[in-house]
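Listed here are the chains, written in short residue letters.
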Amino acid sequence: MAMTQAVEQRYTKPVLVAINKPLDEEDSLQALRSHAMFRSLRPKDLDSLIQQSRRLRLGHHQLLYRQDMPAHHFFFVISGRLRLYRLDSSGVDRTLDSIAPGDCFAEVMIYADPPRYACYAEALKSSEVLMIPVKAYRDLLDHNPEYAQAALSHYAKRAVTRFHDLEIMTVQNARDRLIRYLIDLLPNGAEEGGEVELPLPKCLVASRLAMQPETFSRILADLKSNGLIRVNRSRLLISDPQRLIAISQ
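Residues numbered from 1 in each chain as written. Predicted model: local features only at pLDDT ≥ 70, side-chain atom pairs only at ≥ 80, totals over all residues. Heavy atoms only, no water.

Going by an unreviewed UniProt entry, the chain carries the name Crp/Fnr family transcriptional regulator and comes from Marinobacter daepoensis.

Okay, here's the thing in structure tokens:
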């Protein structure tokens, strides 16, 4: 109950900016146009959708919406980063995902019946999102089968990603879960080493992987002491992914 009350206290109304103004910054527009949910839309339809949308500014740790709230909008991230999480039966929050600029989230609400948000959405830093009306987008899908096909293709790709995430979570050993998570962060997976940045604070990555922060820190320190990774704050260098994989098999 105390945890739930703390979440409620963090829920303050987002700051609404640029009311009735289109998303006119070229970088933001280009990112929106290139997203799978919008790239098939004809210019006039996209412009109409943007005109019906609103831009929201969120402060650090501000909630955008609560779990089980009626869902009338989905969102496109313009800047910052957000975290999606749920509360378990004991009131502890469990991180589900982090959302970066150029990403959409809550878009499944377009087909939900009744539409209710399945989790909390919280800004991890000062962030801006475009709040897109579910009804306006659904109307476009209803009248344009090619738009619906593109949206379903996007959902299918998301489903594959979610199945992969679920596969990681079924791994019993905490060290192996972390290793698989780190390998997934590499641009070319296990084929090539490189430097990666944790998309969430370490304590939230631990939550995402269903382990205690102390366990996460201990495993990370072990991997570092064995020369398998180098750690610089939130950045990790994985020079030989195959060595990392070998110890988890």
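A. The overall build of the chain, seen in detail. Along the backbone of the chain there are nine helices and twelve strands. Scored against the burial criterion, the 249 residues of the chain give a buried share of 46%. A separation threshold of at least 6 residues defines the contact pool for the chain, and within that pool the share at least 24 residues apart is 73%. When the accessible surface of the chain is split by element, carbon and sulfur atoms take 52% of a total near 13200 Å². (Helix = DSSP H or I, 4+ residues; strand = E, 2+ residues; numbered from the N terminus. Buried < 20%, exposed > 50% of the residue type's maximum accessible area, 1.4 Å probe, protein only. Contact = heavy atoms within 4.5 Å. Areas by Shrake-Rupley, 256 points an atom, 1.4 Å probe, with all protein chains shown as cover.)

B. Geometry of the packing of aromatic side chains. According to the stated counting rule, one finds eleven aromatic pairs in the structure shown. Taken together, a centroid distance of 5.1 Å and an interplanar angle of 10° make the contact between tyrosine 85 and tyrosine 120 stacked. Linking tyrosine 85 in strand S5 (residues 82-87) with tyrosine 120 in strand S8 (residues 120-123), this pair joins segments that are 35 residues apart in sequence. Here tyrosine 85 and tyrosine 120 have matching classes, each one buried. One aromatic cluster in this structure is built from Phe38, Phe74, Phe76 and Tyr137. Here the guanidinium or amino end of arginine 83 rests over the ring plane of tyrosine 85, the centre of that ring lying 4.1 Å away. (Phe/Tyr/Trp six-rings, centres within 6.5 Å; stacked < 30°, edge-to-face > 60°. Lys NZ or Arg CZ within 6 Å of the ring centre and 35° of its normal.)

C. Looking closely at the nonpolar core. One finds Phe38, Leu64, Tyr65, Phe74, Phe75, Phe105 and Tyr137 to be the most contacted residues of the largest nonpolar core, which totals 44 residues. If you look at the next biggest cluster of nonpolar residues, it comprises 28 residues, including Leu186, Leu209, Leu236 and Leu244. (Core = buried A, V, L, I, M, F, W, Y, C linked by side-chain atoms within 4.5 Å.)

D. Region of interest: the sheet that holds strand S6 (residues 93-99). On the basis of which strands lie adjacent, the open sheet formed by four strands has the order S3-S8-S5-S6 and antiparallel pairing. Every interior strand has two partners, whereas the edge strands, strand S3 (63-65) and S6, have only one. Shown here is a sheet whose adjacent strand axes are inclined to one another by a mean of 30°, direction ignored. Pairing of S5 with S8 involves four bridges; the strand directions are antiparallel. Within S8, the residue paired with arginine 83 across the bridge is glutamate 122. (Pairing = 2+ DSSP bridges. Axes fitted to C-alpha atoms, helices over the stretch in contact; angles between N-to-C directions.)

E. Inspection of the pattern of salt bridges at higher detail. Here the structure, examined in full by the defined rule, presents 13 salt bridges. Between arginine 83 and aspartate 93 there is a salt bridge whose closest N-O contact spans 3.0 Å. Here aspartate 93 lies in strand S6 and arginine 83 lies in strand S5, a separation of ten residues in the sequence. Classification of aspartate 93 by relative accessible area gives buried; the value is 18%. Close ionic contact of arginine 138 with aspartate 142 constitutes a salt bridge, the shortest N to O distance being 3.3 Å. Pair noted here: arginine 138 and aspartate 142 are both in helix H4 (residues 134-143), with a separation of four residues, about one helical turn. (Salt bridge = Lys/Arg side-chain N within 4 Å of Asp/Glu carboxyl O.)

F. Seen up close, the pairing of S5. In terms of burial, S5 is largely enclosed, as five of its six residues are buried. Bridge count between S5 and S6: six bridges; the pairing is antiparallel. In the sheet register, arginine 83 faces S6, and the bridge partner there is serine 98. Here S5 folds back onto S6, and the loop between the two strands holds five residues, one of which, glycine 91, carries a positive phi near 90°.

G. Looking closely at H4. Listing the buried residues of H4 in full gives Val134, Ala136, Tyr137, Leu140 and Leu141. Where H4 is buried, its residues contact helix H3 (43-52), strand S4 (73-79), strand S9 (127-133) and helix H5 (145-169).

H. How the structure looks around the packing of helix H6 (residues 174-185) against helix H8 (residues 213-225). Relative orientation of the contacting elements H6 and H8 amounts to 70°, with a least axis distance of 10 Å. Viewed along their axes, H6 and H8 adopt a mutual orientation that is roughly perpendicular. Judged by the sense of rotation from one axis to the other, the crossing of H6 with H8 is right-handed. Contacts from Ala174, Arg175, Leu178, Ile179 and Leu182 of H6 reach H8 at Thr215, Phe216, Ile219, Leu220 and Leu223. (Parallel < 35°, antiparallel > 145°, perpendicular 65-115°, else oblique. Left-handed = near helix turned anticlockwise from the far one by under 90°.)

I. Main features of the environment of methionine 109. Mapped onto the elements, methionine 109 comes out in the loop between strand S7 (104-105) and S8. Accessibility expressed as a relative area gives 7% for methionine 109, which makes it buried. It is 7.0 Å that separates the C-alpha atoms of methionine 109 and phenylalanine 74, two residues lying 35 residues apart in sequence. The residues touching methionine 109, leaving out its near neighbours within four places in the chain, are Ala71, Pro115, Arg116, Tyr117 and Val134.

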